[in-house]
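# Fold and contact review
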Amino acid sequence: MTFELSEEQLAVREAAREFAQKELKPGVIDRDIKMVYPTDQVKAMGELGFLGMMVSPEYGGGGMDTLSYVLAIEELSKVDNSCSVIMSVNNSLVCWGIETYGTEAQRLKYLTKLATGEWIGAFCLSEPEAGSDATSQATTAIDHGDHYVLNGTKNWITNGSTSKLHLVIAQSNPELGHKGINAFIVEADSEGVAIGAKEDKLGIRSSDTTTIMYTDVKVPKENRIGPEGFGFKFAMKVLTGGRIGIAAQALGILGGAYELSVDYAHQRAAFGKPISKHQAIAFKLADMSVDIEASKLLVYRAAWMKDNNMDYVSSSSMAKLFASGAAMRHTVEAVQIHGGYGFVKEYHVERLMRDAKITQIYEGTSEIQKMVISRNLLKGQLNVPDMKSTMENV
Ligand code: CAA
């Protein structure tokens, strides 16, 4: 078993770190306060290849593995989680979904634009009455021969007003339950698409989260993804990969809070010595470092399993569940370490604490991850490779 990253993976991590520290950090506090979308930063992310990292080069992407993508998300998330969620949705939900399950015509028409950041994509599953219970889709897509007609409302859509392409999940035949659900590529400027106001959120405030309304939107049949009735499974498969990206985001938040806390604890003195020398603070840092390492093992392993074509359903849920919980717990402690300074925006940790919360909610709440893990466990399919099969795949 080896825990070493390749030269290429190390280079990706370094490039992402440099970009985050030099290009994202200046202005991140202001964008968060004013809820300003990071237009220039997203453009730069496209130019640097961060928006289509795993897409094959023939469609304009970087052709990288999931672990490289995870390392990049982690570095960006130490600094700016609005940028990292935009990156995560575009890469692991939208690009990966179209490349893996779309037709060649869909890949050529759309993936080339999405992989370079010319277009940003959105994943439209959640509804006012269908969040965790994703099969209860009220949005309908009725078959009219050569096209479907789409009607309904989607909620909490990341990249809602800035995306040019929506992956929309909708019910075409309610009698069939989840087997009647389809997934579609919908161009955002189609007639009948209306975008709601940007949500005023606790965290990831500069990212663009909106409601989207579809009224009698005509969707050509060639824009359906996969065979009739594949939409729910498509959503689940895409989210299984997406959860690795959000787990990496949580890991990055945790790492960012840790780095800031270590620096601060060295600089700040109390009772005649740096606070890092007080056990009350040193033990908090020790706890943080243990959970960072544990999160890394879970997140990197889930990415590795995906790259090695193994069943990573439970592993991705475990990584997200653990890393998001650790990010939430330890960002609260990072604020505590900073004392009064932690409570003001200038010191960054209060923003990371606010950003951490969403990692326990989106792409499946922590409770949903426990549902996925326990169901697999009870089926006798924990999906965790034992040492022997791991060694065989190394
Ligand atoms: N991969 C492939 N197929 C899967 C699957 C997976 N990971 N999970 C379930 N399925 C299949 C099942 O095998 C089943 O198929 P069959 O009937 O053919 O056997 C079918 O899907 C239905 O599965 P369930 O019976 O398990 O369905 P359920 O109603 O009990 O729900 C759930 C399962 C896991 C709770 C699911 O509803 C879920 O994941 N909910 C959370 C939704 C979610 O994550 N939303 C996030 C919104 S997107 C977002 O946040 C993006 C963003 O902007 C940041």
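All figures in this text were calculated on a predicted structure; none of them were measured in a lab. (Residues numbered from 1 in each chain as written. Predicted model: local features only at pLDDT ≥ 70, side-chain atom pairs only at ≥ 80, totals over all residues. Heavy atoms only, no water.)

## As for the overall build of the protein
Under the convention used in this document: The way it works is that DSSP assigns letters per residue, a run of H or I at least four long becomes a helix, a run of E at least two long becomes a strand, and they are numbered from the N terminus. All radius of gyration figures rest on C-alpha atoms, and the globule criterion is 2.2 Å times the number of residues raised to 0.38. Here's how the labels work: a residue is buried when its accessible area is under 20% of the maximum for its type, exposed when over 50%, partly exposed in between, all with a 1.4 Å probe on protein chains only. Each accessible area value is a Shrake-Rupley result obtained with a 1.4 Å probe; residue values ignore everything except the protein chains displayed when judging cover. Charge counting treats Lys and Arg as positive and Asp and Glu as negative, with His and both chain ends excluded. For this purpose, a charge sits on NZ of Lys, CZ of Arg, CG of Asp or CD of Glu.
From N to C terminus, the protein includes 12 helices and 9 strands. The globule rule puts the C-alpha radius of gyration for 394 residues at 21 Å, and the 21 Å found for the protein is close to it. Along the first, second and third principal axes, the C-alpha set of the protein runs to 80 × 50 × 40 Å. Expressed as a percentage of its 394 residues, the buried residues of the protein come to 54%. Roughly 17,000 Å² of accessible area belongs to the protein as shown, and the carbon and sulfur atoms make up 56% of that amount. Of the side-chain charges in the protein, 40 are positive and 48 negative, and the distance between the mean point of each set is 4 Å.

## A closer look at the pairing of strand E2 (residues 140-143)
Selection rule: Here, strands pair whenever DSSP counts at least two bridges between them.
Sheet analysis places E2 next to strand E3 (residues 147-158), joined by 4 bridges and oriented antiparallel. Of the residues in E3, the one forming a bridge with Ile 142 is Val 149. In sequence, E2 turns back onto E3 through a hairpin of 3 residues, with Gly 145 there showing a positive phi of about 90°.

## Some points on the layout of surface pockets
Heads up, the condition is: The method works on a 1 Å grid over the protein atoms by themselves. A cavity is a set of points holding a 1.4 Å probe that cannot get out, a pocket is an open set with protein on both sides within 12 Å along at least five of seven lines, and residues with an atom within 4 Å of a point line them. Grid points are joined across faces, edges and corners, and a volume is the space filled by probe spheres set on the points. Throughout this entry, Asp, Glu, Lys and Arg are counted as charged residues, while Ala, Val, Leu, Ile, Met, Phe, Trp, Tyr, Cys and Pro are counted as nonpolar. The remaining residues, Gly among them, count as polar.
Considering only enclosed or pocket space, the largest pocket measures out at about 1,500 Å³ in volume. What lines the largest pocket is a set of 50 residues, and nearest its centre among them are Met 236, Leu 239, Arg 243, Glu 363 and Gly 364. Per-element accounting of the lining of the largest pocket gives the leading share, 7 residues, to helix H7 (residues 231-267). Split by residue class, the lining of the largest pocket holds 24 nonpolar, 14 polar and 12 charged.

## Details of helix H8 (residues 279-307)
The test is simple: By this rule, a helix spans an expected 1.5 Å times one less than how many residues it contains. A contact between two residues is defined here by any heavy atoms of the two lying within 4.5 Å.
In a regular helix each residue adds 1.5 Å, so 29 residues correspond to 42 Å; H8 covers 41 Å between its end C-alpha atoms and thus fits that length. Against the buried residues of H8 lie helix H4 (66-77), helix H5 (81-101), H7 and helix H9 (313-338). Just beyond H8, the residue with positive phi is Asn 309, at close to 55°.

## Focus: the site of the ligand
Stated formally: Working definition: residue near molecule or strand if any one of its non-hydrogen atoms lies within 4 Å of it. Throughout this description, a polar contact denotes any pair of N or O atoms lying within 3.5 Å of each other; where both atoms belong to protein, one of them has to be capable of donating a hydrogen while the other can accept it, and for residues adjacent in sequence the pair is counted only when both atoms sit in side chains.
Neighbouring residues of the ligand: 26 residues in total, closest Ser 132, Thr 158, His 178, Lys 233 and Arg 375. At 3.1 Å, a side-chain N or O of Thr 240 approaches a nitrogen atom of the ligand. Take Arg 243: an N or O atom from its side chain is 2.9 Å from an oxygen atom of the ligand. Bound to the protein, the ligand loses 75% of the 1,100 Å² it would expose on its own. At the level of secondary structure, the elements contributing two or more residues to the shell around the ligand comprise H5, H7 and helix H11 (366-378). Here the shell around the ligand gets 7 residues from one element, more than from any other, and that element is H7. Considering only residue class, the shell around the ligand consists of 12 nonpolar, 8 polar and 6 charged.

## What about the environment of Val 94?
Mapped onto the secondary structure, Val 94 falls in helix H5. Residue Val 94 is classed as buried on the basis of its relative accessible area of 0%. For the pair formed by Val 94 and Phe 123, sequence separation is 29 residues and the distance between their alpha carbons is 6.5 Å. Here Val 94 is in contact with Val 89, Leu 114, Gly 121, Ala 122, Phe 123, Leu 165 and Leu 167, once residues within four sequence places are set aside.

## Topic: empty space enclosed by the protein
In this structure the tally under the stated criterion is 1 cavity of 30 Å³ or more. Put simply, the largest cavity is a space of about 60 Å³. Lining the largest cavity are Val 28, Arg 31, Asp 32, Asp 80, Asn 81, Ser 82, Ile 204, Arg 205, Ser 206, Arg 351 and Asp 355. Elements with a minimum of two residues in the lining of the largest cavity: helix H2 (28-34), H5 and helix H10 (349-359). Residues belonging to the lining of the largest cavity are distributed by class as follows: 2 nonpolar, 3 polar and 6 charged.

## Side note on the side chain of Lys 154
Following the sequence through the fold, Lys 154 ends up in strand E3. Judged by relative accessible area, Lys 154 falls into the buried class, the value being 0%. Within the local environment of Lys 154, its side chain forms a polar contact with the side chain of Gln 137, the two groups lying 2.5 Å apart. Apart from residues lying up to four places away in sequence, Lys 154 is in contact with Cys 124, Leu 125, Ser 126, Glu 127, Gln 137, Thr 139, Val 168, Ile 169, Thr 210, Thr 211, Ile 212 and Tyr 214.

Such coordinate-based values are descriptive only and should not be taken to indicate function.
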